[in-house]
Amino acid sequence: MAVGVFELFSVGIGPSSSHTVGPMRAGAVFARELRERGFLEHVASLRVDLYGSLAATGHGHGTFTAVLLGLEGFEPEEILPEQVEERLASIAETGKLSLAGKVELPYSVEEMVLHPLTVLPRHTNGMKFQVFGAPGPDGSAAVLHEATFFSVGGGFIVREGEEDTAQKELDESKKELPFPFRTAAELLGRCSSKGLSISDIMLVNEKASRSEEEIREGLLHIWAVMEACVESSLKREGLLPGGLKVRRRAPDWHERLLKEDKDRDAKYWQEWVNLIALAVNEENASGGRVVTAPTNGAAGIIPAVLYYALNYAPGMDKATQEDKDEVVVKFLLAAGAVGVLYKEQASISGAEVGCQGEVGSASSMAAAGLAEVMGGTPGQVENAAEIAMEHNLGLTCDPIGGLVQVPCIERNAIAAAKAINAAKMALWGDGTHRVSLDEVIVTMRETGKDMSHKYKETAMGGLAVNVVEC
Ligand code: SF4
């Protein structure tokens, strides 16, 4: 299926789309196959191999436990944070997982085979699952079923051997779209020939797979999950999990803002935007429910900028609920259109291109969304997206302890501010500009290729090695 707004904004659990959501999804696919192909009752043992970045930073990112939950049959969109805690406690206590929710199998996280220095050809986030039958007289056991998956960013997974098929299916499905586009130039061309905005083009394409009402409801639901994520985060206090001793700041900041900014003075916009970004990313860091936007590590930027659009954009003080819903829908559609460009031409995976692909892409998408709802022309919206990414180029991924906390949480707040500034700068221009969004996207991809692997979600460089963990 062609990448659309609901693939870019999907509901999952923290802390990482590529290291938590993708691996859980892969485990669930494998478990479903075991069930559907009738292997389950013959399974006697299981082997899980993790490669590259998944092995290097999987502990801090919750990859190992996400794989276990996936193998139990849980899907990231549906699992509740309470279920995560309950099942992991049970596995730890009994030393058994419930394969596909049906067969009790002795297995624990410690048995996973880690290959942090081995990168499989397709992508650094590789994982291989194998199940075996009962051993014969010589002690050897036959492989009943096996599969290798890659978690390629934003919760998307690709299966080994099916990369070409998946690409062909994607190309085929794009043909069914009324206005297919791969580059910003093509997108702008569509806008200009049809006299439509960027969000209109995206809406028409989305209507190829669902009704307009479903699209609107789906996008409003995405925003509702973002809001619920903030609300839940503001109720939690204390330290984030993982042992880094990072204190949650959002609840205190919220309390302070409620006291200092009783009248919702516009001079506090930055503090509110910071608060939303921090709240979402603190919730993500504690394994809560978040919307990948387009990844978990960068999940706070789009909600923070959309919050700005709803509360501080000109005219919003008089907006009705209907107007606000319209802003949400248009914002997410325009941001989604820009997300498609990154997915098509580069990558949204920190393990593949560094943090520029996660936080940079989210900042660029958010800038586009904001420029769109503030009345930008397609050229100005494209300019906003370009400015935001241009000033995130080269951003490395070096989370301390492999935890999605430092620098990730604050980085979302900074990137939200960049997105707002990018949109404002673009709106003060006429849409013409020297560097195109396509040129910046290609530059991001090439910069990512040249970046040392130390700075691509391995916790082997940068802050991850220069800050003492204690
Ligand atoms: S540094 Fe950026 S890419 Fe890396 S985990 Fe944090 S948010 Fe994700």
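Residues numbered from 1 in each chain as written. Predicted model: local features only at pLDDT ≥ 70, side-chain atom pairs only at ≥ 80, totals over all residues. Heavy atoms only, no water.

Quick word on the overall build of the chain
And step 1. Scanning the chain for helices and strands turns up 19 helices and 9 strands.
And step 2. For 470 residues, the compact-globule estimate of 2.2 N^0.38 gives 23 Å, and the chain sits close to it at 22 Å.
And step 3. Its C-alpha atoms put the chain at 75 × 50 × 40 Å along the principal axes.
And step 4. For the chain, the residues scored as buried account for 57% of the 470 residues in total.
And step 5. Summed over all atoms, the accessible surface of the chain reaches about 19,300 Å², with 52% contributed by carbon and sulfur.
And step 6. Taking the average place of the 44 positive charges on the side chains of the chain and the average place of its 66 negative ones, the gap between the two points comes to 2 Å. (Helix = DSSP H or I, 4+ residues; strand = E, 2+ residues; numbered from the N terminus. Rg over C-alpha atoms; globule rule 2.2 N^0.38 Å. Buried < 20%, exposed > 50% of the residue type's maximum accessible area, 1.4 Å probe, protein only. Areas by Shrake-Rupley, 256 points an atom, 1.4 Å probe, with all protein chains shown as cover. Lys, Arg positive; Asp, Glu negative; His and termini not counted. Charge placed at Lys NZ, Arg CZ, Asp CG, Glu CD.)

Observations concerning the sheet that holds strand S8 (residues 156-159)
And step 1. Pairing in this open sheet of 5 strands is mixed, and the strands run S5-S2-S6-S7-S8 from one edge to the other. At either end of the open sheet lies a strand with only one pairing partner, and these are strand S5 (113-115) and S8. Pairwise comparison of adjacent strand axes, ignoring direction, gives a mean angle of 20° for this sheet.
And step 2. Lying over the sheet, helix H4 (residues 63-71) contacts strand S2 (45-51), S5 and strand S6 (126-132), oriented at roughly 140° with respect to S2. (Pairing = 2+ DSSP bridges. Axes fitted to C-alpha atoms, helices over the stretch in contact; angles between N-to-C directions. Contact = heavy atoms within 4.5 Å.)

Notes on the packing of helix H15 (residues 359-373) against helix H17 (residues 408-427)
And step 1. Between H15 and H17, whose axes approach to 8 Å, the crossing angle comes to 40°. What the angle tells us is that H15 and H17 run oblique. Crossing of H15 over H17 shows right-handed handedness. Across from Val359, Ser363, Ala366, Ala367, Leu370 and Ala371 in H15, the residues of H17 making contact are Arg411, Asn412, Ala415, Lys418, Ala419, Ile420, Ala422, Ala423 and Leu427.
And step 2. Its residues placed into classes, the contact of H15 with H17 shows 11 nonpolar, 2 polar and 2 charged. (Parallel < 35°, antiparallel > 145°, perpendicular 65-115°, else oblique. Left-handed = near helix turned anticlockwise from the far one by under 90°. Nonpolar A, V, L, I, M, F, W, Y, C, P; charged D, E, K, R; others polar.)

Some thoughts on the site of the ligand
And step 1. If you check the shell around the ligand, you find Gly297, Cys355, Glu358, Cys397, Cys408, Arg411 and Glu457 and nothing else.
And step 2. Of the residues assigned to the shell around the ligand, the class counts are 3 nonpolar, 1 polar and 3 charged. (Near = heavy atom within 4 Å.)

A short note on the side chain of Asn392
And step 1. Following the sequence through the fold, Asn392 ends up in the loop between helix H16 (378-390) and H17.
And step 2. Here Asn392 falls in the buried class, since its relative accessible area comes to 2%.
And step 3. Leaving out residues up to four positions away in the same chain, Asn392 has contacts with Gln356, Val359, Gly360, Ser363 and Lys418.

Let's talk about the nonpolar core
And step 1. Counting residues in each nonpolar core, the largest one holds 111 residues, and the members touching the most others are Phe9, Ile301, Ile302, Val305, Leu306, Phe331 and Leu332.
And step 2. Top element by residues in this core is helix H13 (residues 321-345). It accounts for 13 residues.
And step 3. Other than its neighbours up to four places away in sequence, Ile302 contacts Phe9, Met226, Ala293, Phe331, Leu332, Ala335, Ala362, Met365 and Ala366.
And step 4. Among the nonpolar cores identified, the runner-up in size contains 29 residues, and Phe30, Leu54, Leu71 and Phe129 belong to it. (Core = buried A, V, L, I, M, F, W, Y, C linked by side-chain atoms within 4.5 Å.)

So, helix H8 (residues 198-206)
Spacing of three or four residues puts side chains on the same side of an α-helix, whose turn is 3.6 residues.
And step 1. By the criterion of burial, H8 is predominantly enclosed, with 7 of the 9 residues buried.
And step 2. Every buried residue of H8 is accounted for by Ile198, Ser199, Ile201, Met202, Leu203, Asn205 and Glu206.
And step 3. Where H8 is buried, its residues contact helix H1 (5-8), helix H7 (184-194), helix H9 (212-235), H13, H15 and H16.

Description of the pairing of strand S4 (residues 103-106)
And step 1. Of the two faces of S4, only the one carrying Val103 and Leu105 is buried; Glu104 and Pro106 on the other face are not.
And step 2. Pairing analysis gives 4 bridges linking strand S3 (residues 96-99) to S4, with the strands arranged antiparallel. Residue Leu99 lies in a different strand from S4, and its bridge partner there is Val103.
And step 3. Connecting S3 to the next strand, S4, in antiparallel fashion are 3 residues, including Ala100 with a positive phi near 55°.

Some words on helix H12 (residues 301-312)
And step 1. Given a rise of 1.5 Å per residue, 12 residues ought to cover 16 Å, and the 16 Å separating the end C-alpha atoms of H12 matches this to within 8%.
And step 2. For H12, the buried fraction is high: 11 of the 12 residues fall into the buried class.
And step 3. Within H12, the full set of buried residues consists of Ile301, Ile302, Pro303, Ala304, Val305, Leu306, Tyr307, Tyr308, Ala309, Leu310 and Tyr312.
And step 4. In the core, the buried residues of H12 are packed alongside H9, helix H11 (269-285), H13, H15 and H17. (Expected span 1.5 Å × (residues − 1).)

Quick word on the pattern of salt bridges
And step 1. Taken as a whole and assessed by the stated rule, the structure comprises 17 salt bridges.
And step 2. Between Arg216 and Glu326 there is a salt bridge; the shortest N-O distance is 3.2 Å. Separated by 110 residues along the polypeptide, Arg216 in helix H9 and Glu326 in helix H13 bring together distant segments of the chain.
And step 3. When its relative accessible area of 25% is taken as the criterion, Arg216 is described as partly exposed. (Salt bridge = Lys/Arg side-chain N within 4 Å of Asp/Glu carboxyl O.)

What to know about the packing of aromatic side chains
And step 1. Scanning the entire structure with this criterion turns up 5 aromatic pairs.
And step 2. Ring plane angle 25° and centroid distance 6.2 Å describe the contact between Trp272 and Tyr307, whose orientation is recorded as stacked. Of the two residues, Trp272 is situated in helix H11 and Tyr307 in helix H12; the sequence distance between them amounts to 35 residues.
And step 3. By the ring-pair criterion, three or more aromatic residues cluster together here, those being Phe30, Phe129 and Phe149. (Phe/Tyr/Trp six-rings, centres within 6.5 Å; stacked < 30°, edge-to-face > 60°.)

Focus on the side chain of Arg248
And step 1. Mapped onto the fold, Arg248 is located in the loop between H9 and helix H10 (250-260).
And step 2. Although Arg248 is buried, it forms no salt bridge, and the closest oppositely charged side chain is Glu283 at an N-O distance of 4.6 Å.

Remarks on the pairing of strand S1 (residues 10-13)
And step 1. Residues Ser10 and Gly12 line one face of S1 and the alternating positions Val11 and Ile13 line the opposite face, and both faces are buried.
And step 2. Both S1 and strand S9 (residues 289-292) contribute to a ladder of 4 bridges, which runs antiparallel. Within S9, the position partnered with Ser10 by the bridge is Thr292.

No statement about biological role is implied by the geometric values presented.
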